[in-house]
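The lines below spell out each chain.
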Amino acid sequence: INATRLFSVLYHRTLNIGRVMSPTLALIVQREAEIDTFKPVPFYSVALDLPGFTAASARMDKKADAEQLKTACQGGTVTVKQVDRKDKSEKPPALYDLTTLQRDANRLLGFTAQQTLDYLQNLYEKKLCTYPRTDSRYLTDDMEGSVPGLVAAAAAACGVEKPPTICAKQVCSSKKVTDHHAIVPTISAEKVDMASLPLGEREVLKLAARGLLRAVDEPHRYAETVITVDCAGQSFTAKGKTVLAPGWKRYEQEQAEAAPALPVVTENQTLSVSAASVKTGKTTPPKHFTEDTLLAAMENAGKEDMPDDAERKGIGTPATRSGIIEKLVSSGFVKRRKSKKIT
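These lines cover the structure that appears in this document, whether it is placed above or below. Keep in mind it's a predicted model, so treat the numbers as computed, not measured. (Residues numbered from 1 in each chain as written. Predicted model: local features only at pLDDT ≥ 70, side-chain atom pairs only at ≥ 80, totals over all residues. Heavy atoms only, no water.)

A few words on the state of the cysteines. All chains considered together, the criterion is met by zero disulfides. Take Cys-167: it sits in no disulfide, and the sulfur closest to it among the cysteines is that of Cys-172, at 11 Å. (Disulfide = S-S within 2.5 Å.)

So, in structure tokens, the structure goes:
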């Protein structure tokens, strides 16, 4: 309050100085300054076309060095130095709290944080979704028995099959629940006519439903292969991926482009180079904030400087962050460029 009065008197206009709005604006200003002062730096690499896959060199600062390596490898052979295959798994993400749901709704659907909160509030009032203003990503232990029913409702809302195995225990932990548990569809969502819901509410409900389906599914398992070859005294690498079990990623709305599977090769094997080329790239500046990334920055601000037992971290709360963003926009401090994903 004192800082607001001081700056308003000094500059003869109302200037609000707060603990949430001001540092949020500072995050945006700092990011824009980094973008404005960024100078791209070119880099080069050499790609070798080998039987069934392409291997690339490390980045080089000088194009002449890349051209020299390309010439040395053109029409020659490579020797396989190492074949490294590892089986890996990715655990499913936790359930949605308000901030993570707002972030995904912005990234996938183009909704603003305030729009997502409004849609969630409407769904809550229609008894189709649980309480939205929560910072918890788990259900309480006493809800474990109700998880299969909630999963059935979520699958019906999305029009998809339930997970083959429902791992209810991994989404329940009373110790990790504060005032309200995570956001999930209610049992009523199983029988609702999805077509009767407004578009925004329907899409947010489906998003929350997919969040539950992912969280109770099994890990995503895959095999990652890295092949290292030698040509003209330089190392070239190729990475490949083979999905062993889709697990929770079967419910992903955005399917990431997977690395292609690599052919079977053995160490010390010799392969012919069918073509060699120089690839040119440039370093890229930091990206402008979207509401997705700004919400993440607000949630994580100052976390490293706060004790582990701090009651609340970051800037604002899940319930207030969307309002702060809207206030920055309406006050003229920030300009919103609408996403093409908004329907």
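Below, the discussion takes up the pattern of salt bridges. On inspection of all chains with the given rule, the structure shows 13 salt bridges. With a shortest N-O distance of 2.7 Å, Arg-336 and Glu-291 are connected by a salt bridge. Placement of the pair is Arg-336 in the segment after α9 (321-330) and Glu-291 in helix α8 (residues 291-300), with a sequence separation of 45 residues. With a relative accessible area of 29%, Arg-336 lands in the partly exposed category. Three or more residues joined by partner-sharing salt bridges are found here, namely Glu-291, Glu-326 and Arg-336. (Salt bridge = Lys/Arg side-chain N within 4 Å of Asp/Glu carboxyl O. Helix = DSSP H or I, 4+ residues; strand = E, 2+ residues; numbered from the N terminus. Buried < 20%, exposed > 50% of the residue type's maximum accessible area, 1.4 Å probe, protein only.)

At His-12, a position not held by glycine, the phi torsion is positive, near 55°. The residue His-12 is located in the loop between α1 (2-11) and α2 (21-37) in this model. Unlike most non-glycine residues, Asn-268 shows phi in positive territory, near 75°.

Moving on to the pairing of strand β5 (residues 234-245). Note: strand β4 (residues 220-231) against β5, eleven bridges, orientation antiparallel. Looking across to β5, one finds that Thr-228 is bridged to Thr-237. Linking β4 back to β5 in an antiparallel pair, the connection comprises two residues, with Ala-232 at a positive phi of about 55°. (Pairing = 2+ DSSP bridges.)

This next bit is on the side chain of Gln-102. Relative to the helices and strands, Gln-102 is located in helix α4 (residues 98-109). Within the structure, Gln-102 has its side chain in polar contact with the backbone oxygen of Ala-113 (distance 3.0 Å). Contact partners of Gln-102, with chain neighbours within four places excluded, come to Ala-113, Thr-116, Leu-117, Leu-295, Pro-318 and Ser-322. (Polar contact = N/O pair within 3.5 Å; in protein donor to acceptor, adjacent residues only side chain to side chain. Contact = heavy atoms within 4.5 Å.)

What follows is about the packing of aromatic side chains. Within the structure shown, the criterion is met by three aromatic pairs. With a centroid separation of 6.3 Å and 5° between ring planes, the pair formed by Phe-7 and Tyr-11 is classed as stacked. Here the residue Phe-7 and the residue Tyr-11 both occupy positions in helix α1, the gap between them amounting to four residues, near one helical turn. Note on Phe-7: relative accessible area 31%, which makes it partly exposed. The exposed category is assigned to Tyr-11, whose relative accessible area is 52%. When the ring centre of Phe-289 is taken as reference, the NZ or CZ atom of Arg-31 above it lies at 4.2 Å. One Lys or Arg, Arg-59, reaches over the ring of Phe-43 and ends 3.6 Å from the middle of that ring. (Phe/Tyr/Trp six-rings, centres within 6.5 Å; stacked < 30°, edge-to-face > 60°. Lys NZ or Arg CZ within 6 Å of the ring centre and 35° of its normal.)

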